[in-house]
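In case you want the letters, here they are:
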Amino acid sequence: MKMTAEITSPYDLSFIKELPLIGKNDIDKILDTAQHLFADQSKWIPAYKKIEILEKTASIMTERIEDLLVTAISEGGKPWQDSKAEVLRAIKGVKLAAEHISQIKGEQIPMGLTDASLNRIAFTSKEPIGVVAAVSAFNHPLNLAVHQIVTAIAAGCPVIFKPATATPLSGLALAEILKEAGLPAGWLQVILCDNEAAELLVTDPRVNFFSFIGSAKVGWYLKSKLSPGTRCALEHGGAAPVIVEKDADFDEMIPSLVKGGFYHAGQVCVSVQRIYVNQKICDAFIEKFAAATHALITGDPLDKKTDVGPLITPKEVDRVEEWVNKAVKKGAKIITGGKRISDTFFQPTVLFNPSEDSLVSTKEIFGPVVCIYSFTNRDEAIKRANALDVHFQAAVFTKNIDIALDTVKKLNATAVMVNDHTAFRVDWMPFGGRDTSGIGMGGISYAINEMTREKLTVFKSKFL
């Protein structure tokens, strides 16, 4: 019996579409297709042609914004206003990839610095790394597809893309657009499969680069199984910390942190999760933050007024409810929220001072829950912020430049935002976790560079 995946709406669990899953027996043919394309350099897509394809892709996406928007909302549940931003980001990402193709270049290596290196000229060039296997997450179904597919195409790599089984439709729509834009057959293969088939794919020696966005448990496991020589980039989650000093600007800070905490119901790898607030302003901060959180509109993601949509599955609602209840039993105070609304929704929730060993303090919540803690000593707060093994993006709010720079220096993170929330991102900046939060760097140009490798050419001539 052929296996299938049933795509349902996170909002009301209504049926959207049923798609076939490929089996383990199909993986070999898929890999062969990609490897044969890469092995035959006469089939490589010239740089000018890649630019043409990507520019046309961006143009078609622009014409179909509404269709892409509805698809992303229907399968992922992210509210209209945020899904619109995702679609626009995805289009910009395609344009950035097209622009970066002209920057894929090497450099001259100096010779003649020793007697042994006389009469030589040397330079490096960049080549595509080879076959890319990309496994994606559910939370940004179109933009993540762009970051894993379009970057591989720009680098010159055949790519096999496995979207999240819950949200494959946006990736499939992007694939159709790329085909329409002129991408030759075989350069992109989108597959839906179970975990066993996915492991067989990414651990095959024909894969030269593995791109993974998802849970740390799965990502690090798959990395441990990669074939020797396979490079990888893993993007996992964090439990993003924020330091709030007593001179922070409330008018700027509160809307920013509420957005950063409850954007896409907290289902973002750099969502604001732990806020450490100077005790002198903590009561005022809690009052204003709770009021702004309580004012958020929860509901139908297709409604333009909705701020917070559903979680991806009822199982996730159960998990978030369990974590909040356990935190309360350990002494956390519910400031606002704290309850499930339905099988698919959980109230935007603010907890005060959960214990340091609570799940909400030690694990990525990936739900609409923000924790607030007070501090009297900033260095101690930074120590608590750094205490976990996940380190991704962080933030500090202060008007004192010395405090800002000192905090940036001491926070263990790949990026620290000053007077902005932890979930800020533009696609031309580097983006990725460190330690158990990931390896390698995302961002359009950075991902393209990850998917290339250098070749050194050295000419020897008596005339040099």
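Reference entry: report on the structure contained in this document. (Residues numbered from 1 in each chain as written. Predicted model: local features only at pLDDT ≥ 70, side-chain atom pairs only at ≥ 80, totals over all residues. Heavy atoms only, no water.)

Side note on the overall build of the protein
Part 1 of the argument: Counting secondary structure elements, the protein contains 15 helices and 20 strands.
Part 2 of the argument: In summary, the protein has a C-alpha radius of gyration of 24 Å against a globular reference of 23 Å for 464 residues, a match within 12%.
Part 3 of the argument: Seen through its principal axes, the protein has C-alpha atoms that stretch 75 × 65 × 40 Å.
Part 4 of the argument: Sequence-distant contacts, at least 24 apart, represent 71% of the contacts inside the protein between residues at least 6 apart.
Part 5 of the argument: Element-wise, carbon and sulfur atoms account for 53% of the exposed surface of the protein, whose accessible area totals about 20,300 Å².
Part 6 of the argument: Where the 52 positive side-chain charges of the protein centre and where its 54 negative ones centre are 4 Å apart. (Helix = DSSP H or I, 4+ residues; strand = E, 2+ residues; numbered from the N terminus. Rg over C-alpha atoms; globule rule 2.2 N^0.38 Å. Contact = heavy atoms within 4.5 Å. Areas by Shrake-Rupley, 256 points an atom, 1.4 Å probe, with all protein chains shown as cover. Lys, Arg positive; Asp, Glu negative; His and termini not counted. Charge placed at Lys NZ, Arg CZ, Asp CG, Glu CD.)

Some details on the sheet that holds strand β8 (residues 209-213)
Part 1 of the argument: With mixed pairing, six strands are arranged side by side in an open sheet as β7-β6-β5-β8-β9-β19. Each edge of the sheet is formed by a strand with only one pairing partner; in this case those strands are β7 (188-190) and β19 (438-439).
Part 2 of the argument: Note: strand β6 (residues 159-162) against β7, three bridges, orientation parallel. By the bridge assignment, Phe 161 is partnered in β7 with Val 190.
Part 3 of the argument: Running at roughly 170 degrees to β6, helix α5 (residues 143-155) makes contact with β5 (132-135), β6, β7 and β8 of the sheet. (Pairing = 2+ DSSP bridges. Axes fitted to C-alpha atoms, helices over the stretch in contact; angles between N-to-C directions.)

Quick look at helix α9 (residues 250-262)
Part 1 of the argument: Taking 1.5 Å of rise per residue, 13 residues should cover 18 Å, and α9 covers 18 Å from first to last C-alpha, within 8% of that figure.
Part 2 of the argument: Listed as buried for α9 are Phe 250, Met 253, Ile 254, Ser 256, Leu 257, Val 258, Gly 260, Gly 261 and Phe 262.
Part 3 of the argument: For α9, the secondary structure elements touched by its buried residues are β10 (240-244), β11 (272-278), α10 (279-294), β13 (349-352), β14 (369-375) and β16 (393-397).
Part 4 of the argument: The residue sitting at the N-terminus of α9 and contributing the capping side-chain oxygen is Asp 249; that oxygen lies 2.9 Å from the backbone nitrogen of Asp 251.
Part 5 of the argument: Following α9 by one or two positions, His 264 adopts a phi angle in the positive range, close to 50 degrees. (Expected span 1.5 Å × (residues − 1). Buried < 20%, exposed > 50% of the residue type's maximum accessible area, 1.4 Å probe, protein only. Polar contact = N/O pair within 3.5 Å; in protein donor to acceptor, adjacent residues only side chain to side chain.)

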